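Results of the structural survey
Each chain is listed here by its residues.
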Amino acid sequence: MMQAIAAPDAGLDDVIEVRGLEAGYGGARVLSGVGFTVRKGAVLGVLGRNGVGKSTLVGALLNLGPTVRGSVTVKGHAVAGWPTHRIVRLGIGIVPQGRGMFPNLSVSDNLRLAVLGARAARPGGWTLERVYDSFPKLSQRRGTLAGSLSGGERQLAAMARALLTQADILILDEPTEGLAPLIVEEVVVDNIRTLRREGVTVVLVEQNLALALDLADEAIVLADGGIVFCGSAETLRRREDIQNEYLGV
Ligand SMILES: Nc1ncnc2c1ncn2[C@@H]1O[C@H](COP(=O)(O)OP(=O)(O)OP(=O)(O)O)[C@@H](O)[C@H]1O
Ligand SMILES: [Mg+2]
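Here the structure is a predicted model, which means the values were calculated and not measured.

Once that is clear, we can look at the coordination of the magnesium ion (ligand 2). Here the magnesium ion (ligand 2) is held by the protein donor atoms Ser55 (OG) and Gln97 (OE1), which lie 2.0 to 2.2 Å from it. Pair noted here: Ser55 is in helix H1 (residues 54–61) and Gln97 is in the loop between strand S6 (92–95) and helix H3 (107–117), with a separation of 42 residues, a long-range link.

Near ligand 1 lie 13 residues; those nearest to it are Gly51, Lys54, Ser55, Thr56 and Glu174. Interatomic distance of 2.7 Å between a side-chain N/O atom of Lys54 and an oxygen atom of ligand 1. Between an oxygen atom of ligand 1 and a side-chain N or O atom of Gln97, the distance comes to 2.9 Å. For ligand 1, the accessible surface in isolation is 630 Å², of which the surrounding protein chains cover 56%. By residue number, the principal contributor to the shell around ligand 1 is H1, which donates three residues. Split into classes, the residues belonging to the shell around ligand 1 amount to three nonpolar, seven polar and three charged.

What follows covers the sheet that holds strand S7 (residues 169–173). Reading across from one edge, S6-S7-S8-S3-S9-S10 is the order of the six strands in this open sheet, with mixed pairing throughout. Of all strands in the sheet, those bounded by a partner on one side alone are S6 and strand S10 (226–232). Strand-to-strand twist across the sheet, computed as the mean angle between neighbouring axes with direction ignored, equals 15°. As defined by bridge partners, strand S3 (residues 43–47) adjoins strand S8 (residues 201–206) across five bridges and the pair is classed as parallel. Note on S8: the bridge partner recorded for Leu44 is Val203. Together, S3, S6, S7, S8 and strand S9 (218–223) form the strand contacts of H1, whose direction differs from that of S7 by roughly 150°. Taken strand by strand, helix H6 (residues 151–164) contacts S6 and S7, and its axis lies near 165° from that of S6.

A few words on the pattern of salt bridges. Summed over the entire model, instances satisfying the criterion amount to 13 salt bridges. Its salt-bridge partner being Glu218, residue Arg39 comes within 2.8 Å of it at the nearest N-O pair. Linking Arg39 in strand S2 (residues 28–39) with Glu218 in strand S9, this pair joins segments that are 179 residues apart in sequence.

Next up on the list: the sheet that holds strand S4 (residues 67–74). Reading across the sheet, the four strands line up as S2-S1-S4-S5 and stay open at both edges, with antiparallel pairing between neighbours. Strands with a single pairing partner mark the edges of an open sheet, and in this sheet they are S2 and strand S5 (77–78). As defined by bridge partners, S4 adjoins S5 across two bridges and the pair is classed as antiparallel. Across the sheet, residue Thr73 finds its bridge partner in S5, namely Ala78. Sitting on the sheet, H1 touches strand S1 (14–25), S2 and S4, and the angle it makes with S1 is about 115°.

Thresholds, definitions, all that
Along each chain, residue indices are assigned from 1 in the same order as the chain's sequence is written. In the order they appear in the text, chains get letters beginning with A and ligands get numbers beginning with 1. Residues qualify for local features only when their pLDDT is at least 70, as the model is predicted, and side-chain atom pairs are given and counted only at 80 or more; totals for whole chains, interfaces and linings, by contrast, use all residues. Side-chain numbers come from the whole structure's heavy atoms, not from hydrogens or water. Shown as donors are all N, O and S atoms within 2.8 Å of a metal ion, widened to 3.2 Å for Na, K and Ca; because water is not in the atom set, sites may appear incomplete. Secondary structure elements are defined from DSSP: runs of H or I of at least 4 residues count as helices, runs of E of at least 2 residues count as strands, and each element is numbered from the N terminus. If a single non-hydrogen atom of a residue is within 4 Å of a molecule or strand, that residue counts as near it. Residues adjacent in sequence count toward polar contacts only when both atoms are side-chain atoms; beyond that, a polar contact is any pair of N or O atoms within 3.5 Å, and within protein one must be able to donate a hydrogen and the other to accept it. Residue-level accessible areas treat just the shown protein chains as cover; the underlying method is Shrake-Rupley with a 1.4 Å probe. Put simply, Ala, Val, Leu, Ile, Met, Phe, Trp, Tyr, Cys and Pro go in the nonpolar bin, Asp, Glu, Lys and Arg in the charged bin, and everything else, Gly too, in the polar bin. Between any two strands, at least two bridges found by DSSP are needed for them to pair. Between the N-to-C directions of two axes lies an angle of 0 to 180 degrees, each axis being a line fitted to C-alpha atoms and, for a helix, fitted only over the stretch in contact. Whether two residues are in contact is decided by their heavy atoms: any pair within 4.5 Å suffices. In the sections that follow, a salt bridge refers to a side-chain nitrogen of Lys or Arg positioned within 4 Å of a carboxyl oxygen of Asp or Glu.

Structure follows, in structure tokens:
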């Protein structure tokens, strides 16, 4: 039987648009001339070596500290200069590099804190029950202090916490850092696939090129203070020159 082939781009619009972005700290510029878009429901891989400015870019999107110039549009709102809490209320969840859980609070208290600050869950939105259903491993650990979790468990908890802010855009800053390959599959790969199926837009900052190419629809590569590649993951897979020069493979 003939299968209907859906055009992959049909109905997808941009939920984040970055134009002419400059970001740095005080007088020191880290990034300039950065422009890209993130399509609704897509996974964008953000790649680049240590220190090129990946976390600075994340910080610039959410106004988390860097000095920013240029335009950042989230769901049609020009958010440059907005306080972080207003930007995240547009529906962006962040899993910061290093996970950022409160170590002396239990998993369940960490998650409840996220719910406190969040807008109310829409029908079908993320609730504590749904999170524990979707991540049964986390449910087993709900009484454990976050500081006593393994790296993989902490990553899972940080993802859950970000979803509980009612995010439909999730920014993950190096979620696989420090995780064994098996845990990377179980915690990061499987769950990002699940989120994608559920329509969550994902910005995935990664140094693991193979993993990023596997999960991402599009990718940008940062180097030398700007973007040196912007295109489909498929194209980047073929661009061994870019991989060799900027990603050290
Ligand atoms: N708060 C800060 N104040 C001053 N400089 C900073 C600050 N945070 C980062 N930098 C500098 O900005 C540059 C980019 O750092 P950034 O953390 O964005 O890199 P990264 O690509 O995320 O690296 P990694 O892969 O190691 O996480 C580095 O030179 C870093 O030293
Ligand atoms: Mg970083």
